[in-house]
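Structural characterization, general
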Amino acid sequence: MPLVTSKELLLAALEGHYAVGAFNANNMEQVQAIVDAAVEERAPVILQVSQGAIRYAGLDTVSNMVRTAAAEASVPAVLHLDHGPDFEQNVLCLRAGFTSLMFDGSKRPYEENVKITAKIVEMAHICGVPVEAELGKVLQSADGVTEEQVIAAMTDPVQAQDFVARTGCDSLAVAIGSVHAMANAEAELNIERLKALRAALDLPFVLHGSSGVKEESEVEAIQYGICKINVATMLNQAFVRGLVKAQAASPDNIDPRKWLTASRDAVKEVVRHKIRLFGSSGKVTASGFVSPPKTFRSAKLGSIE
Ligand code: G3H
Ligand code: ZN
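Before going into details, it helps to say that this report is about the structure given with it.

Quick look at the site of ligand 1 now. Around ligand 1 there are 14 residues in total, and D82, A181, G209, S211 and T233 lie nearest to it. Contacts to ligand 1 include A181, whose backbone N or O atom sits 2.9 Å from an oxygen atom. At a separation of 2.5 Å, an oxygen atom of ligand 1 approaches a polar side-chain atom of T233. Considering ligand 1 on its own, with 310 Å² of exposed area, one finds that the protein chains cover 96% of that surface. When grouped by side-chain class, the residues that make up the shell around ligand 1 number three nonpolar, ten polar and one charged.

Protein-derived coordination of the zinc ion (ligand 2) comes from H83 (NE2), H180 (NE2) and H208 (ND1), at a distance range of 2.1 Å. When the donors of the zinc ion (ligand 2) are listed by position in the chain, the intervening gaps give H-x96-H-x27-H. Within this pair, whereas H83 is found in the loop between β3 (77-81) and α5 (87-95), its partner H208 is found in the loop between β7 (205-207) and α10 (215-222), the two being separated by 125 residues in sequence.

The angle between the axes and the distance between the axes are what describe a pair of packed helices. The geometry of helix α11 (residues 233-249) relative to helix α12 (residues 256-278) is characterised by a closest axis approach of 7 Å and an angle of 145° between their N-to-C directions. Like other packed secondary-structure pairs, α11 and α12 cross with a definite hand, here right-handed. Two secondary-structure elements touch here, α11 through M234, L235, A238, F239, R241, G242, L243, A246 and Q247 and α12 through W259, L260, A262, S263, A266, V267, V270, V271 and K274. Class assignment for the residues of the contact of α11 with α12 results in 13 nonpolar, three polar and two charged.

The next point concerns the nonpolar core. Soluble, globular proteins show a tendency: their nonpolar side chains are buried together. Ranked by internal contacts, the top residues of the largest apolar core, which has 87 residues, are F98, L101, L172, F205 and I226. Residue contributions to this core peak at seven residues, all from helix α6 (residues 110-126). Excluding anything up to four places from it in sequence, I226 contacts Y18, A19, V174, I176, L194, F205, V206, L207 and A221. Membership of the second largest hydrophobic core comes to six residues, among which are V150, A153, V179 and A187.

On to the pairing of β3. β3 sits mainly inside the fold: five of its five residues count as buried. Here β3 shows no split at all, with A77, L79 and L81 on one side and V78 and H80 on the other all buried. Of the pairings in the sheet, the one linking strand β2 (residues 45-49) to β3 comprises five bridges and is parallel in character. Directly across from L47, in β3, lies its bridge partner L79.

Let us now look at the environment of L260. Along the polypeptide, L260 turns up in helix α12. Residue L260 is classed as partly exposed on the basis of its relative accessible area, which comes to 23%. Expressed as a C-alpha distance, the spacing of L260 and G242, which sit 18 residues apart in the sequence, is 7.9 Å. Aside from chain neighbours lying at most four places away, what touches L260 is E29, F239 and L243.

Conventions and cut-offs
Residues numbered from 1 in each chain as written. Chains lettered and ligands numbered in written order. Predicted model: local features only at pLDDT ≥ 70, side-chain atom pairs only at ≥ 80, totals over all residues. Heavy atoms only, no water. Near = heavy atom within 4 Å. Polar contact = N/O pair within 3.5 Å; in protein donor to acceptor, adjacent residues only side chain to side chain. Areas by Shrake-Rupley, 256 points an atom, 1.4 Å probe, with all protein chains shown as cover. Nonpolar A, V, L, I, M, F, W, Y, C, P; charged D, E, K, R; others polar. Donors = N, O, S within 2.8 Å, 3.2 Å for Na, K, Ca; no water. Helix = DSSP H or I, 4+ residues; strand = E, 2+ residues; numbered from the N terminus. Axes fitted to C-alpha atoms, helices over the stretch in contact; angles between N-to-C directions. Left-handed = near helix turned anticlockwise from the far one by under 90°. Contact = heavy atoms within 4.5 Å. Core = buried A, V, L, I, M, F, W, Y, C linked by side-chain atoms within 4.5 Å. Buried < 20%, exposed > 50% of the residue type's maximum accessible area, 1.4 Å probe, protein only. Pairing = 2+ DSSP bridges.

And the structure:
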C-alpha cells in the first residue's frame, strides 16, 4: 500500500497503549527485513533514515527503496527522517516524499530550537506531513557519558509544555534516561520523569536510544505514552552477527547474497521480537488498520495516500 504518515499511526498507538517500532534502515536487506517482519506480524511500521544512511546510500536511493518495499506491503508503513539536522534537510526530505519528518534541535539553544522547529512544522503541515521534535538531549554512548550527564540532559516538563505550544510539533522525542548506541540493554528509564511529562502534555512521545534500554523498562514506558520506539544499533548488531556466522559457516563462498540473506534473516527476527514487545503485533486486521477516532484526526494531517 502507499506510504502513510506517522500522525495517524502514533495517535492510534497513543489511544491503544502500544508503540509503533521505528526501525533504522541503511541498506536494501534491512528495508526488506523490517517490512517482511511487519507484514508477518500484521503491524504498522515506521522505516526511518538517519543522516548516516543518507550519506551511505543517497537520499533518493534510500527513499525509493523504502517506498517500493512499502508499496508491496499489506500493512501501513511510514518513511521518516531520523534526526534531521536543519531546515534544509527537512525540505529535501519533504521533496523526496518522506511522510514524516524530524528536526533535532536539542543541542541548540532553546529559542533557536523553538524557531527552527516551528518553521519546519509550518512548512510540513502545508503538505500534510507531521513533524517530530526533540527537547532535552539523548546523548551518545561514544561520548562516554556519565549518569549525572544523562540526568542533567533529561526533558523538563514545564519547558516541554512551552515548546509544544509554540512549535505545533506532532510528536516529541523525550530524554528520560536512554543513551544512543549502547552495545547492551542495561539502562532503566526514568518513569517518574515520563509521568510528569505525560501529565503536562498529551501528544505522542518518542523514545530514542532504545537498544540500550532494558525491555521491561520499555514496556513500562509505553503505558505512559511512549508511542514510537526507535531501534537502530540492535539491527546493525544483528546484521553483522548474521554475516559473521554465515561467513564462518561457508568461508569459501564468493556470492555475497548467501551471506547477506543470513544478515537479513537475523535483522528480521530482531524486528519481529521488538514488534511483539511493543504491542503493535496484530494491529492491522483483515478489515484494515484500526485508526484513531475522528476527533483525533486533523483534516490536514490524515493519510497522504
Ligand atoms: O534515532 C535512532 C535511535 O534513537 C536509535 O537508538 O541506536 O540506541 O537503538 P539506538
Ligand atoms: Zn535517536
